Amino acid sequence: MRLTGKVALITGGTSGIGEATAILFAREGACVAVTGRNELRGQAVRDRILQDGGKAIFIRTDVRQSADCCRSVDETLHAFGKLDILFNNAGVFYPHTTLECSEEEWDLQIDVNLKGTFLMSKAALPHMIAQGSGVIINNSSGWGIVGGDQAVAYCASKGGVVLLTKAMAIDHGHQGIRVNCICPGDVDTPMLPEDARLRGMEWQDYLTGCGNRPLGRIGTPDEIAKAVLFLASDDSSFMTGAALVVDGGGTAD
């Protein structure tokens, strides 16, 4: 119960890493506000937490919209009285080179992955500053540290998340706020088979390529959620401005 008495807001919490983190945080004692654009999936995650005896709400949110971000924070405060942890997890990915990437696709990935992290942090920070404490965890990627093929907009957005994390850590450390990011590798979420489809690859061939790393497999959402829990809890009390790589050794080559 490492998060007993804490309140967490998780963006993109309706599937994959966000869903696994929401469930884990609730089991560790946190009250959880789950946000996302799919209301049915969001309510399903909320209901699962409630059925397990936890406390949760769902807030329909588009992180590209400043008003939605502010409303998400306000509804979290209204429901639970405070905000201790923000996990900026919402993200999208479309595989293209610079020549193939349209302006619309570029804007979408930058707006969701990078601007959304900025907007939600901007909405949450005043409340964390007022209480003198808080933790922000941003979801970057291994491809936010090294380049990836056919992923120009995604790499740009996730690289931006890493340095946004470091800048916020410097700005707000003296106010009692820690800001870190995780950098997952390939993880078994709905994003992976969609990437394979968009690349025109068979799923088994795609998995074979993903297995070309030291641990020889893709990760699970639960494995990433445990890393997020570490950053959210007092176990990482002397960490801020860090990019924690959780990728099965993919960036070690």
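These lines cover the structure that appears in this document, whether it is placed above or below. (Residues numbered from 1 in each chain as written. Predicted model: local features only at pLDDT ≥ 70, side-chain atom pairs only at ≥ 80, totals over all residues. Heavy atoms only, no water.)

### Description of the sheet that holds strand E1 (residues 7-10)
Strand order across the open sheet formed by 7 strands is E3-E2-E1-E4-E5-E6-E7, with parallel pairing between neighbours. On the outer flanks of this sheet lie strand E3 (55-60) and strand E7 (243-246), each paired with one strand and no other. Averaged over neighbouring strand pairs, the angle between their axes works out to 20° when direction is ignored. In the sheet, E1 pairs with strand E4 (residues 85-88) via 3 bridges, with the strands oriented parallel. Paired with Ile10 across the bridge in E4 is Phe87. Sheet strands in contact with helix H2 (residues 39-51) are strand E2 (31-36) and E3, and its direction is about 175° off that of E3. (Pairing = 2+ DSSP bridges. Helix = DSSP H or I, 4+ residues; strand = E, 2+ residues; numbered from the N terminus. Axes fitted to C-alpha atoms, helices over the stretch in contact; angles between N-to-C directions. Contact = heavy atoms within 4.5 Å.)

### Topic: the packing of aromatic side chains
Under the criterion given, the structure shown has 2 aromatic pairs. With a centroid separation of 6.3 Å and an interplanar angle of 70°, the aromatic rings of Phe93 and Trp143 are classed as edge-to-face. Taken together, the residues Phe93 in the loop between E4 and helix H4 (103-131) and Trp143 in the loop between strand E5 (134-139) and helix H5 (152-172) connect sequence positions 50 residues apart. What makes Trp143 partly exposed here is its relative accessible area of 27%. Judged by centre distance (4.6 Å) and plane angle (65°), the rings of Phe93 and Tyr154 are edge-to-face. Of this pair, Phe93 sits in the loop between E4 and H4 while Tyr154 sits in helix H5, and the two are 61 residues apart along the sequence. Exposure class is identical for Phe93 and Tyr154. Each is buried. (Phe/Tyr/Trp six-rings, centres within 6.5 Å; stacked < 30°, edge-to-face > 60°. Buried < 20%, exposed > 50% of the residue type's maximum accessible area, 1.4 Å probe, protein only.)

### Focus: unusual backbone geometry
Phi at Gln150 is positive, roughly 50°, even though this residue is not glycine. Note on placement: Gln150 falls in the loop between E5 and H5.

### Structural notes on the pattern of salt bridges
Enumeration over the complete set of coordinates arrives at 11 salt bridges. For Arg71, the salt bridge identified is with Asp68, shortest N-O distance 3.4 Å. Remark: Asp68 and Arg71 occur in helix H3 (residues 66-80); sequence separation between them is 3 residues, near one turn of the helix. Arg71 gets classed as partly exposed once you look at its relative accessible area, which sits at 30%. One salt bridge in this structure joins Arg71 and Glu75, with 3.2 Å as the shortest N-O distance. Taken together, the positions of Arg71 and Glu75, both in helix H3 and 4 residues apart, correspond to about one turn of that helix. Taking relative accessible area as the criterion, Glu75 reaches 33% and is therefore assigned partly exposed. (Salt bridge = Lys/Arg side-chain N within 4 Å of Asp/Glu carboxyl O.)

### Describing the environment of Pro126
Along the chain, the position of Pro126 falls in helix H4. Note on Pro126: relative accessible area 47%, which makes it partly exposed. The spacing of Pro126 and Ser233 is 107 residues in sequence and 20 Å in space, taken between C-alpha atoms.

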